[in-house]
Amino acid sequence: EHKRIIYLSRIDLWKGLEFLINSFSVIANKYPDWSIDIYGQSQPEHYVNELISLTKKLNVDKQINFKGITKNVLDKYREYDFCVFPSYFEGFPMGLIEAQSVGMPCIGLKECSGVNELIIDGYNGFLSEEKYEDFAKKMELMINNKELRTKFSQNALDHVKKYNQDNINELWLATIDALINRNKIDKEYF
């Protein structure tokens, strides 16, 4: 147990970091040994300064750390207990797949497309309402239950197997084969 939470993705308005900071501030005093490390490049560059100001305003600046960019993403995840991914909007969140690929239990927002397809609530993490108190409650459940984190970790590893390279390659080959064969059939009719 590291007593550390990780966020690793871009730092921009759609990623919900102000939501994360406000949510953590609800429980931070109860867990002074726990911290959140935020990794990523700020877009726009000055946005990270606004987030740092918010941490100071909410008195969580000693527990929330902005770490910049890391090159060893998968190794970095292994230094943490769980991952938070509070995005408001996503396509296919690679950061979440990377986290799950090393067995990282995750918390995200229930209404966020992409996130709500990769996190199965109560199986490999938690999906939260877009309310500070609910997200804080989910973080608190992870903080207080190492056994639950271990269970979610194993489930994350199992869930993410379908995205491994061999499975994806097979799907691409099957799709390409189907398109080629359909084109041959279509040409016969014209």
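Just above, that's the structure.
Not measured: the values here are computed from a predicted model.

Here the focus is the layout of surface pockets. Over the atoms, a rolled probe matching the size of one water molecule traces out where space is still vacant. Space inside the largest pocket adds up to approximately 180 Å³. Element by element, the count of residues in the lining of the largest pocket is highest for helix α7 (residues 146-160), at four residues. Of the residues contributing to the lining of the largest pocket, the split by class is five nonpolar, four polar and five charged.

Here the focus is the environment of Asp33. By the element assignment, Asp33 lies in the loop between α1 (17-27) and β2 (35-39). For Asp33, a relative accessible area of 56% puts it in the exposed group. Along the sequence, Asp33 and Cys83 sit 50 residues apart, while their C-alpha atoms lie 17 Å from each other.

This brings us to the nonpolar core. Grouped together as the largest cluster of nonpolar side chains are 51 residues, with contacts concentrated most on Phe24, Tyr77, Phe82, Val84, Met104 and Met139. Take this core: its biggest share by element is six residues, from α1. Not counting residues within four places of it along the chain, the set of residues in contact with Val84 comprises Ile5, Ile6, Tyr7, Leu20, Ile107, Phe135 and Met139.

Under the defined criterion, the tally for this structure stands at 13 salt bridges. With its nearest N and O atoms 3.0 Å apart, the salt bridge here joins Asp12 to Arg10. When its relative accessible area of 39% is taken as the criterion, Arg10 is described as partly exposed. Residue Glu90 pairs with Lys15 through a salt bridge whose shortest N-O separation is 2.5 Å. Note that Glu90 is positioned in the loop between β4 (82-85) and α4 (94-101) and Lys15 in the loop between β1 (4-8) and α1, a separation of 75 residues in sequence. Each of the two residues, Glu90 as well as Lys15, counts as buried. Taken together, the salt bridges that share partners define one network made up of Glu1, Asp81 and Arg149.

Turning next to the sheet that holds β2. The sheet built from six strands is open, its strands ordered β3-β2-β1-β4-β5-β6 with parallel pairing. Each end of this open sheet is capped by a strand with a single partner; those strands are β3 (64-68) and β6 (125-128). Each neighbouring strand pair of the sheet contributes to a mean axis angle of 25°, computed without reference to strand direction. Where β2 and β3 come together, four bridges link them in parallel fashion. Of the residues in β3, the one forming a bridge with Ile36 is Ile64. Strands β1, β2, β4, β5 (106-109) and β6 of the sheet are contacted by helix α6 (residues 132-144), whose axis makes an angle of about 165° with β6.

Reading the values: rules and limits
- Residues numbered from 1 in each chain as written.
- Predicted model: local features only at pLDDT ≥ 70, side-chain atom pairs only at ≥ 80, totals over all residues.
- Heavy atoms only, no water.
- 1 Å grid on protein atoms, 1.4 Å probe; cavity = no way out; pocket = protein on both sides within 12 Å on 5 of 7 lines; lining within 4 Å.
- Points joined across faces, edges and corners; volume = space filled by probe spheres on them.
- Helix = DSSP H or I, 4+ residues; strand = E, 2+ residues; numbered from the N terminus.
- Nonpolar A, V, L, I, M, F, W, Y, C, P; charged D, E, K, R; others polar.
- Buried < 20%, exposed > 50% of the residue type's maximum accessible area, 1.4 Å probe, protein only.
- Core = buried A, V, L, I, M, F, W, Y, C linked by side-chain atoms within 4.5 Å.
- Contact = heavy atoms within 4.5 Å.
- Salt bridge = Lys/Arg side-chain N within 4 Å of Asp/Glu carboxyl O.
- Pairing = 2+ DSSP bridges.
- Axes fitted to C-alpha atoms, helices over the stretch in contact; angles between N-to-C directions.

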